[in-house]
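Coordinates in review
Next come the chains, spelled out residue by residue.
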Amino acid sequence: MKSPVEPHPRMEKIQLEEGLNAFLCPASQGLWIPADSYWRWQENLEPLPRSERRPLPTPMLDEYSGDEDEEDSPRRTRPALLCPESGALLVRYRAGTGLNIHIEHSPITGGVWLDHGEWDILKAAGLHHELHIIFSSAYQHKISRTETRARMEELFENRLGEEDARKVRMFAEFLENHEHKPEIIAYLMNT
């Protein structure tokens, strides 16, 4: 199987995790995880105890600072990648807020391409066991909402200043579950 990022080297079959086979590009150190291998591994994972289960993961901002958004990033300038199994174009998905990495997914085979080091980033964020969730519209929408909210908070603070923004946030928390919230909002709108 040929690497999607390097034209000549053949990828080597490796065991990424116990029971999870993948293919390693010897030139780029990127990984191809075939869908069937991922799902077999998924089926054999021990279920997490209820107390350790987490909601749909969205990592916090600034957990990882990569070069994804840099103007001269190799990922920004490289051509679209092709699935090593089907030859179809791979679709890019954001891995999570603040991770600054994108994961390529084959819409035909379901396989996943990870650039060098991305598996470790996903593991650190607790996303490697739920890799398939990243490709869902609900997860991608949650990332967009989180990023939009963070940008709005930043603009709000820049416009009002740190102290006034803090006061408004405190008032918003007070108002959130207040029994007279509609009346308070109506009063504020008319003052």
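The coordinates are above.
What this report covers is the structure whose coordinates are included nearby. (Residues numbered from 1 in each chain as written. Predicted model: local features only at pLDDT ≥ 70, side-chain atom pairs only at ≥ 80, totals over all residues. Heavy atoms only, no water.)

Attention shifts here to the overall build of the protein. Tallying secondary structure elements over the protein gives six helices and six strands in all. Listing each helix as α and each strand as β along the protein from the N terminus yields β-β-β-α-α-β-β-β-α-α-α-α. For the protein, long-range pairs separated by at least 24 residues make up 50% of all intrachain contacts whose partners lie at least 6 apart in sequence. Of the roughly 12,500 Å² that the protein leaves accessible, carbon and sulfur atoms contribute 53%. (Helix = DSSP H or I, 4+ residues; strand = E, 2+ residues; numbered from the N terminus. Contact = heavy atoms within 4.5 Å. Areas by Shrake-Rupley, 256 points an atom, 1.4 Å probe, with all protein chains shown as cover.)

A separate point is the pairing of strand β2 (residues 20-24). By the criterion of burial, β2 is predominantly enclosed, with four of the five residues buried. Direction of pairing for strand β1 (residues 12-17) relative to β2: antiparallel, over a ladder of five bridges. Directly across from Lys13, in β2, lies its bridge partner Phe23. Joining the antiparallel neighbours β1 and β2 is a turn of two residues, in which Gly19 adopts a positive phi near 85 degrees. Hairpin remark: β2 followed by strand β3 (residues 31-33), antiparallel, with six residues in the connecting loop; positive phi at Gln29, about 65 degrees. (Buried < 20%, exposed > 50% of the residue type's maximum accessible area, 1.4 Å probe, protein only. Pairing = 2+ DSSP bridges.)

Next up on the list: the pairing of strand β5 (residues 102-105). Of the two faces of β5, the one lined by His102 and Glu104 and the one lined by Ile103 and His105 are each fully buried. Bridging between strand β4 (residues 91-94) and β5 involves four bridges; their strand directions are antiparallel. Paired with Tyr93 across the two strands is Ile103, which belongs to β5. The sheet contact formed by β5 and strand β6 (residues 112-114) spans two bridges and is antiparallel.

Attention now moves to a nonpolar patch on the surface. Side chains of Phe171, Phe174, Tyr187 and Leu188 sit close together on the surface and give an oily, nonpolar patch of about 430 Å² of accessible area. For the nonpolar patch, the elements supplying multiple residues, two or more each, are α5 (162-176) and α6 (181-189). Among the secondary structure elements, Phe174 is positioned in helix α5. Residue Phe174 is classed as partly exposed on the basis of its relative accessible area of 47%. (Patch = residues over 30% accessible without salt bridge, like charges linked within 9 Å, V, L, I, M, F, W, Y side chains within 5 Å. Salt bridge = Lys/Arg side-chain N within 4 Å of Asp/Glu carboxyl O.)

Put simply, helix α4 (residues 137-160) and α5 touch, their axes get as near as 6 Å, and they point 125 degrees apart. Classified by the interaxial angle, the pair formed by α4 and α5 is oblique. Our pair here, α4 against α5, has a crossing hand that is right-handed. Each of Glu153, Phe156, Glu157 and Leu160 in α4 lies in contact with α5, whose residues at this interface are Glu162, Asp164, Ala165, Val168 and Arg169. In terms of residue class, the contact of α4 with α5 is made up of four nonpolar, no polar and five charged. (Axes fitted to C-alpha atoms, helices over the stretch in contact; angles between N-to-C directions. Parallel < 35°, antiparallel > 145°, perpendicular 65-115°, else oblique. Left-handed = near helix turned anticlockwise from the far one by under 90°. Nonpolar A, V, L, I, M, F, W, Y, C, P; charged D, E, K, R; others polar.)

A few words now on the nonpolar core. Residues Ile33, Ile103, Leu114, Trp119, Leu122, Leu131 and Ile134 are the most contacted members of the largest nonpolar core, which totals 26 residues. Aside from chain neighbours lying at most four places away, what touches Ile33 is Leu16, Leu20, Asn21, Ala22, Tyr38, Gly111, Val112, Leu114, Trp119 and Leu131. (Core = buried A, V, L, I, M, F, W, Y, C linked by side-chain atoms within 4.5 Å.)

Before going further, it helps to spend a moment on the side chain of Gln42. Among the secondary structure elements, Gln42 is positioned in helix α1 (residues 35-44). You can call Gln42 buried: its relative accessible area is 18%. Within the local environment of Gln42, its side chain forms a polar contact with the backbone oxygen of His129, the two atoms lying 2.4 Å apart. Setting aside anything within four residues of it in sequence, one finds Gln42 in contact with His129, Glu130 and His132. (Polar contact = N/O pair within 3.5 Å; in protein donor to acceptor, adjacent residues only side chain to side chain.)

This part covers the packing of α5 against α6. α6 packs onto α5 with a crossing angle of 140 degrees between their chain directions and a minimal axis gap of 9 Å. Classified by the interaxial angle, the pair formed by α5 and α6 is oblique. Across the interface between the two elements, Phe171, Phe174, Leu175 and Glu176 of α5 pack against Lys181, Ile184, Ile185 and Leu188 of α6. Looking at the contact of α5 with α6 residue by residue, the classes come out as six nonpolar, no polar and two charged.

It is worth spelling out the packing of aromatic side chains at this point. If you walk through the whole model with that rule in mind, you get five aromatic pairs. For the pair Tyr38 and Trp39, a centre-to-centre distance of 5.1 Å together with 75 degrees between the ring planes defines the contact as edge-to-face. For Tyr38, a relative accessible area of 5% puts it in the buried group. Using a relative accessible area of 42% as the deciding quantity, one classes Trp39 as partly exposed. Summarising the aromatic geometry, the rings of Tyr38 and Trp41 are spaced 6.0 Å apart at their centres and angled 50 degrees between planes, so their arrangement reads as tilted. Here Tyr38 pairs with Trp41, and both are found in helix α1, just three residues apart, close to one helical turn. Three or more aromatic residues joined by ring pairs make a cluster, and in this case those are Tyr38, Trp39, Trp41 and Trp119. (Phe/Tyr/Trp six-rings, centres within 6.5 Å; stacked < 30°, edge-to-face > 60°.)

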